[in-house]
Amino acid sequence: MCLCKGIPEDTIIEAIKNGADTVEKVKETTGATTGYCHGSRCKGKIEELIAKYK
Ligand code: FES
């Protein structure tokens, strides 16, 4: 999912199910979007997962 930080999709989904309902909260919980590309590769995908799983 977040390639820069090596965070798998399952970890993001888990965070969303545990209440991270915004990209900012997913970032705080998992560190996603804080890698080299600053979320340009993963942010959109995280938004899709939030819409799907929250
Ligand atoms: S892929 Fe997530 S910060 Fe680059």
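Source: prediction; values computed, not measured.

Quick notes on the rules
Residues numbered from 1 in each chain as written. Predicted model: local features only at pLDDT ≥ 70, side-chain atom pairs only at ≥ 80, totals over all residues. Heavy atoms only, no water. Core = buried A, V, L, I, M, F, W, Y, C linked by side-chain atoms within 4.5 Å. Buried < 20%, exposed > 50% of the residue type's maximum accessible area, 1.4 Å probe, protein only. Helix = DSSP H or I, 4+ residues; strand = E, 2+ residues; numbered from the N terminus. Contact = heavy atoms within 4.5 Å. Arc of directions from axis to C-beta. UniProt positions renumbered as here; feature names shortened; annotations may be inferred.

Caption draft 1: Spotlight on the nonpolar core. Counting residues in each nonpolar core, the largest one holds 15 residues, and the members touching the most others are Ile-12, Ile-16, Val-26, Ala-32, Ile-46, Leu-49 and Ile-50. Only α1 (9–17), α2 (23–30) and α3 (43–53) provide two or more residues apiece to this core. The biggest single contributor to this core is α1, with four residues. Apart from residues lying up to four places away in sequence, Ala-32 is in contact with Cys-2, Ile-7, Ile-12, Val-26, Lys-27 and Ile-46.

Caption draft 2: Here's a closer look at α1. When α1 is considered as a whole, its buried residues turn out to be Ile-12, Ile-13, Ala-15 and Ile-16. Viewed along the axis of α1, the buried residues span an arc of 160°, placing them on a single side of the element. Opposite the packed face of α1, turned more than 90 degrees from it, sit the exposed residues Asp-10 and Lys-17. On its buried side, α1 packs onto α2 and α3. Residue Gly-19 follows α1 closely and has a positive phi angle near 115°.

Caption draft 3: Representation of the UniProt feature "domain: BFD-like [2Fe-2S]-binding" (unreviewed entry) in the protein chain within the structure. Taken from the UniProt record, the annotation "domain: BFD-like [2Fe-2S]-binding" (unreviewed entry) applies to residues 1–51. Here residues 1–51 runs as 51% helix and 0% strand, with 15 Å between its end C-alpha atoms.

Caption draft 4: Geometry of the environment of Glu-9. Position of Glu-9 among the secondary structure elements: in helix α1. On the basis of relative accessible area, Glu-9 is assigned to the partly exposed category, the value being 39%. Considered as a pair, Glu-9 and Glu-28 are 19 residues apart in the sequence and their alpha carbons are 16 Å apart. Sequence-distant contacts of Glu-9, that is, excluding residues within four places in its chain, are made with Met-1 and Leu-49.

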